[in-house]
Amino acid sequence: MLDGRFVCQLRYHGQPFPKIINGKVCATYDSRDIVKFVHEKKPSLDGKPIEIAFTNQRVMI
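Residues numbered from 1 in each chain as written. Predicted model: local features only at pLDDT ≥ 70, side-chain atom pairs only at ≥ 80, totals over all residues. Heavy atoms only, no water.

## Notes on the environment of Ala 27
Right, on to step 1. Tracing the backbone through its elements, the reader meets Ala 27 in strand S3 (residues 24-28).
Right, on to step 2. Considered as a pair, Ala 27 and Pro 16 are 11 residues apart in the sequence and their alpha carbons are 5.3 Å apart.
Right, on to step 3. Once you skip the residues sitting within four places of it in the chain, Ala 27 turns out to touch Pro 16 and Phe 17. (Helix = DSSP H or I, 4+ residues; strand = E, 2+ residues; numbered from the N terminus. Contact = heavy atoms within 4.5 Å.)

Right, here's the structure in full:
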């Protein structure tokens, strides 16, 4: 728990899509794939609001 919120880190091995943002190539992920991955790993979160943040190669929910 962090400030009354559940925090969990999951390793996500999906391939990012390259995208040019402000002249720089950035790694982007499809948000639908991320949400699907989270619900597969943590089915108790299905139907609940989640906030996703990225740290290196982990998905923080």
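## Considerations on the nonpolar core
Right, on to step 1. Ranked by size, the top nonpolar core spans seven residues in total: Cys 8, Leu 10, Tyr 12, Ile 34, Phe 37, Val 38 and Leu 45.
Right, on to step 2. No other element matches helix H1 (residues 31-41), which puts three residues into this core. (Core = buried A, V, L, I, M, F, W, Y, C linked by side-chain atoms within 4.5 Å. Buried < 20%, exposed > 50% of the residue type's maximum accessible area, 1.4 Å probe, protein only.)

## Thoughts on H1
Right, on to step 1. Those residues of H1 that fall on the buried side of the exposure criterion are Ile 34, Phe 37 and Val 38. Projection of H1 onto a plane perpendicular to its axis shows the buried side chains occupying an angular sector of 100°, all on one side. Exposed positions of H1 whose direction lies more than 90 degrees from the buried face are Arg 32, Lys 36 and Glu 40. (Arc of directions from axis to C-beta.)

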